[in-house]
Amino acid sequence: MVTVRGAAGRRAVTESRGHPCLPRWARRYRVRAAALDLACGLVAGAAAVFVRFGQVRPYVAPYIVLSLVLPLLWTGLLALNRAYEPRLIGVGSEEFRRISQCGFLLTAGVATAAYVTKTDLARGYVVLVLPMVTVLTLCCRYGLRRRLHALRARGLCMREVVAVGHRASIADLVRRFRREPYHGMHIVGVCLPRDDARGEVEGVPVLGDFSDVPLVVCQAGADTVAVLACPELDGTALRRLAWRLEKTRTDLVVAPALMEVAGPRTTIRPVAGLPLLHVEHPELSGVRQLLKNVFDRTVAALALALLAPLLLALVLAVRFTSPGPALFRQTRVGKDGVEFTILKLRTMTLDAEQHKIHLVSDSDGVLFKIRRDPRVTPLGGWLRRRSLDELPQLVNVLCGEMSLVGPRPPLPEEVAGYGDDVRRRLVVRPGMTGLWQVNGRSDLSWEESVRLDLRYVENWSLTLDLQILWKTWSAVARGSGAY
């Protein structure tokens with residue numbers, strides 16, 4: 001043990017080499033994940049034998065043995081493909097991608113082994129057991145993640161983080177982690193440049209400067225250090241910091257300057273011995289956009305056909321509960337600033353626009369939002385909470401004016417107040433749902449809404465669209481932030 005005093009006169013801290021490699025909750029999570037994976041293998045094997053063969057006979061014995069071996073084979077393959085890595089716990093799609101990859105590899109491996117050894121496997125068994133074990137594992141991991149998110153919403157199962165950088169960027173990071181606790185990052189201490197290392201940042205104590213980071217980690221009991229982009233911490237300084245943190249097995253994460261650019265757009269390419277971060281331009285046209293357009297219109301057409309009875313019932317309910325038309329038409333701004341008429345079920349009284357001038361918005365930006373708007377009808381409030389008033393926008397999607405997923409469709413007067421950065425939202429079609437929908441809806445501040453929309457524009461993909469559509473169901477079910 002080594003006792004040292006911080007550079008700014010803070011109390012002595014103890015640097016111990018016995019710092020745990022993983023928090024206890026993370027170790028328990030991995031054990032539960034492995035146990036569930038074993039159970040999925042057993043269930044899939046038993047179900048495949050029962051469905052394919054019906055009853056146990058002598059020729060079924062090899063398949064029973066194979067079903068008993070499958071859980072160990074499956075769990076081992078997941079471990080080899082690093083599907084239990086701690087950094088995958090709780091966030092991102094990489095965990096699910098690796099599980100799907102294992103399902104594909106196992107299927108290909110079994111087919112290849114059967115061909116090479118000329119083994120006559122019952123195709124019905126193979127077709128059942130391998131997709132089943134993959135799907136069951138994905139479902140169990142999703143349930144495990146939902147449980148983890150619920151615990152993190154209560155402040156449990158969090159990583160203790162020391163943030164290193166400048167005051168403004170750290171303040172933004174603290175606010176983000178507090179808004180989105182499912183990321184599992186709890187900032188317990190801050191290290192700032194030497195001339196600013198005092199006080200607090202968003203309620204988090206400043207425990208030292210850049211030279212004190214390893215000591216602050218021990219003082220705060222942290223297991224992760226998050227370094228934000230700053231000129232003082234160049235490549236050499238980061239390398240030395242990593243060496244010092246290696247002694248305590250503390251994770252080091254570094255946020256690049258392009259914090260909103262992520263995923264497939266960034267790749268690390270070694271050039272002349274330097275790891276250069278290459279950033280691809282977002283694909284705003286071309287084949288992928290064409291596929292997105294086809295997907296949007298196909299889903300919109302199917303949804304309109306399936307939801308026609310519900311839409312008719314809602315139209316009649318709006319028409320008979322308040323005077324005026326059932327559909328509300330309004331001019332919105334779409335891709336490249338082109339205006340279009342959006343369709344919604346009417347949720348306000350007929351003279352709502354005339355009363356707008358007497359109301360004060362709760363929003364801090366160009367948006368006009370009121371939590372308890374007196375113009376909203378009783379039925380309209382219920383429709384808004386469940387987002388049912390937006391179902392007619394499927395017609396806008398079918399006509400190519402909107403997308404299923406995209407930035408929020410703005411009003412012309414809102415666009416008139418946009419700055420150059422905010423106008424970036426208009427390079428793609430607006431969406432019925434988006435990151436703003438699944439991250440708080442109307443509870444978001446103007447700046448946060450813009451940040452989420454710009455993040456979508458910069459990082460959109462069909463996979464991201466599917467993830468947002470999936471999360472929209474739970475956001476709509478909660479009904480929070482809709483008014």
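Read on for a plain summary of the structure. (Residues numbered from 1 in each chain as written. Predicted model: local features only at pLDDT ≥ 70, side-chain atom pairs only at ≥ 80, totals over all residues. Heavy atoms only, no water.)

## As for the overall build of the chain
Helix and strand counts for the chain come out as 15 helices and 14 strands. Going through the 483 residues of the chain one by one, you find that 43% of them count as buried. Counted over contacts in the chain with a minimum sequence separation of 6, partners at least 24 positions apart contribute 70%. Carbon and sulfur atoms make up 63% of the accessible area of the chain, which amounts to about 25600 Å² in all. (Helix = DSSP H or I, 4+ residues; strand = E, 2+ residues; numbered from the N terminus. Buried < 20%, exposed > 50% of the residue type's maximum accessible area, 1.4 Å probe, protein only. Contact = heavy atoms within 4.5 Å. Areas by Shrake-Rupley, 256 points an atom, 1.4 Å probe, with all protein chains shown as cover.)

## Details of the packing of helix H8 (residues 287-321) against helix H10 (residues 378-385)
Contact geometry of H8 with H10 gives a least axis separation of 9 Å together with a crossing angle of 150°. Comparing the axis directions of H8 and H10 gives the class roughly antiparallel. In contact with Leu314, Ala317, Val318 and Thr321 of H8, H10 contributes Leu379, Trp382 and Leu383. (Axes fitted to C-alpha atoms, helices over the stretch in contact; angles between N-to-C directions. Parallel < 35°, antiparallel > 145°, perpendicular 65-115°, else oblique.)

## Looking at the packing of helix H1 (residues 24-53) against helix H2 (residues 61-80)
Two elements in contact, H1 and H2, have axes separated by 8 Å at closest approach and are oriented at 150°. Taken as axis vectors, H1 and H2 run roughly antiparallel relative to one another. In this structure, H1 crosses over H2, and the sense of that crossing is right-handed. Contact residues: Ala34, Asp37, Leu38, Gly41, Leu42, Gly45, Val49 and Phe53 in H1; Tyr63, Ile64, Ser67, Leu68, Leu70, Pro71, Leu72, Trp74, Thr75 and Leu78 in H2. (Left-handed = near helix turned anticlockwise from the far one by under 90°.)

## Some points on the pattern of salt bridges
One pass over the full model with this rule turns up 20 salt bridges. For the salt bridge of Asp37 with Arg141, the shortest nitrogen-to-oxygen distance reads 2.8 Å. Of this pair, Asp37 sits in helix H1 while Arg141 sits in helix H4 (residues 123-153); the two residues are 104 residues apart in sequence, bridging distant segments of the chain. For Arg141, a relative accessible area of 1% corresponds to the buried category. Asp389 is the partner of Lys344 in a salt bridge, and the nearest nitrogen-oxygen pair spans 3.7 Å. (Salt bridge = Lys/Arg side-chain N within 4 Å of Asp/Glu carboxyl O.)

## A look at H2
Taking 1.5 Å per residue, 20 residues should reach 28 Å; H2 reaches 29 Å between its end C-alpha atoms and fits that length. Where H2 bends most, at Val69, the angle is about 35°, and the proline Pro71 comes one to four residues later. Among the structural elements, H1, helix H3 (94-117) and H4 are those in contact with the buried residues of H2. Following H2 by one or two positions, Arg82 has its phi on the positive side, about 55°. (Expected span 1.5 Å × (residues − 1). Bend = angle between axes of the 7 residues up to and from the residue.)

## A closer look at H3
Helix length check: H3, at 24 residues, gives a terminal C-alpha distance of 34 Å against a target of 34 Å (1.5 Å per residue), a fit within 8%. The elements touched by buried residues of H3 are H1, H2 and H4. One or two steps after H3, the chain reaches Lys118, where phi turns positive at roughly 55°.

## Let's talk about a nonpolar patch on the surface
There is a patch of nonpolar side chains on the surface, built from Val65, Val69 and Leu73 and spanning about 250 Å² of accessible area. Considering the arrangement of structural elements, one finds Val65 in helix H2. (Patch = residues over 30% accessible without salt bridge, like charges linked within 9 Å, V, L, I, M, F, W, Y side chains within 5 Å.)

## Details of the pairing of strand E11 (residues 327-333)
Relative to strand E12 (residues 339-345), E11 is paired through seven bridges, and the arrangement is antiparallel. Each residue of the ladder has a partner; that of Thr331, found in E12, is Thr341. The hairpin formed by E11 and E12 contains five residues between the paired strands, and Asp336 there has a positive phi angle of roughly 60°. (Pairing = 2+ DSSP bridges.)

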